Structure formats: C-alpha cells, structure tokens
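Here is what each chain is made of, one letter per residue.
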Amino acid sequence: MSDVKECTHHKEKRRRLLRRCCAGLLIFNFILLVLILIIWAILQPKKPQFIIQDATVYAFNVSAPNFITSSIQVTIYSRNPNDKIGVYYDKLDVFATYRSQQITYYTAIPSVYQGHKDVNVWSPFVSGVNVPVAPYNGASLSQDQAAGTVGLTFKIDGRVRFKVSSYISRRYHLHVKCPARIDFGGRSSSGVIVGSNAVKYQLTQSCGVTV
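Residues numbered from 1 in each chain as written. Predicted model: local features only at pLDDT ≥ 70, side-chain atom pairs only at ≥ 80, totals over all residues. Heavy atoms only, no water.

(A) Representation of the nonpolar core in the model. Residues Phe50, Ile72, Leu152, Phe154 and Ile182 are the most contacted members of the largest nonpolar core, which totals 39 residues. Elements with a contribution of two residues or more to this core: strand 1 (49-63), strand 2 (67-79), strand 3 (86-98), strand 9 (149-164), strand 11 (172-183) and strand 13 (198-206). (Core = buried A, V, L, I, M, F, W, Y, C linked by side-chain atoms within 4.5 Å. Buried < 20%, exposed > 50% of the residue type's maximum accessible area, 1.4 Å probe, protein only. Helix = DSSP H or I, 4+ residues; strand = E, 2+ residues; numbered from the N terminus.)

(B) Inspection of the pairing of strand 2 at higher detail. In terms of residue burial, strand 2 counts as a mostly covered element, since 10 of its 13 residues are buried. From the end of strand 1 to the start of strand 2, which pair antiparallel, there are three residues. By the bridge criterion, six bridges tie strand 2 to strand 8 (residues 125-132) in an arrangement that is antiparallel. Paired with Ser70 across the two strands is Gly128, which belongs to strand 8. As paired elements, strand 2 and strand 7 (residues 119-122) share four bridges and run antiparallel to each other. Within the sheet, the bridge partner assigned to Arg79 lies in strand 7 and is Val119. (Pairing = 2+ DSSP bridges.)

(C) How the structure looks around the pairing of strand 13. In this structure, strand 1 lies alongside strand 13, joined through six bridges in antiparallel fashion. Across the sheet, Asp54 pairs through a bridge with Gln202, a residue of strand 13. Here strand 12 (residues 191-194) pairs with strand 13 via four bridges, running antiparallel. Bridging across to strand 13, Ile193 finds its partner in Val199. Counted between consecutive antiparallel strands, the loop separating strand 12 from strand 13 contains three residues, among which Gly195 sits at a positive phi close to 70 degrees.

(D) Main features of the side chain of Asn120. Note that Asn120 resides in strand 7. According to the relative accessible area criterion, Asn120 is buried, its value standing at 16%. Side chain to side chain, Asn120 and Gln114 meet in a polar contact 2.9 Å long. When near neighbours in sequence (up to four residues on either side) are disregarded, Asn120 contacts Ile76, Tyr77, Ser78, Val112 and Gln114. (Polar contact = N/O pair within 3.5 Å; in protein donor to acceptor, adjacent residues only side chain to side chain. Contact = heavy atoms within 4.5 Å.)

In short, the description is geometric, and any link to function would need to be established separately.
Shown next, in the form of structure tokens:
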C-alpha cells in the first residue's frame, strides 16, 4: 500500500510541476507580447518608400526569333519614413521585366545606410544584349512596341537590416516592384529627346514594397 501511495504522490507532484511550468510559460509569452506591442507602438515602423521618377531609353528592340536588346537608365527615389529606425541597404539589384519575365541583366546599386527620414536617389542603367524571352512574350512585346506603348516593371531585389539605437536587426529580403508604361517611338508628350539617340520619360510612379 505504501508503494501505491508514494507513486500517487509523485504523480500528483509532477502534475503540479507541469501546471506551474505551463502557467510560467503563458505568463512569459504574455509579457513578451506586451513588450513587443509597446515597442511597436513607440517605434511605429514603416516600410521604406520607393518611387520611379523617370526612365531614359537608349535602346530597345526585339529581334527574331525572340531576343531583346535594351539599355534604359531609371531614376529611383527611396525614402525612409521612420524617425526612430535606420535602414542598411546591404545588397540591391535592379532589373526590368515584361509580363513577369526578366528581360535585362541585374545591375547592382551600391550599399548604403539610410538614416531617419533620409532620402536616396539612384540612377542605374539596366540593360541586356540579345536576352532570350518566351516566344509568346516576344510576339506580344513586338505588338506592344508597334502600338507605341510597352508596360515594363522595374524590380529591386535586396537585403536590408534595420537599426534602432545601437541594435541592428538580422537581414531581411526586400522586394520592390515599380510599374512603368513607356511610350516608345516618341509618341507621348512626356518623352524628351536626350542627346542624339535617347528619349527620357517622366513617370513619377509609386512602387510596391515587400519586406
């Protein structure tokens, strides 16, 4: 009988210990959640803002059967809207796509730190020589260009870190999508001839940002 009582006593003791551990874990998670909410309320973090301001087209043509040669300089405006958070842009690559297919090579933008409320303006060239595309995209692109308007998307893929006081976060993926409708052939009044073989188009289009 004493062995049964002792076994029952140990089981009850383990149950109490387990309940205490669970209660302690719940309290810890609750306190952690409250701290996160307080920090979020104080910092009010916002994603970086991007705007594509203009695009200068030096070359853009589709050759048979399905190859694209292009050279476009884009001006991209970036702003950190936070007043307590800095942003480290550790790696940024910009390229152009047409109907979700990449049509230029990657162009690297130099790494930079963006302080509170700071602004950066980049003007990278995106280009490609005889870049192969899917047959249906090549045909569609030729039709759009003949019609005078081509819808491109300039994308930025990168890695960012955030700085709060002396704390620096781990790296996060940054994805930026800047849609741009360009009137090739100088049909649009927004196109301005630059030099002897380029046309500059004012766009001022907000970009979608995912972190």
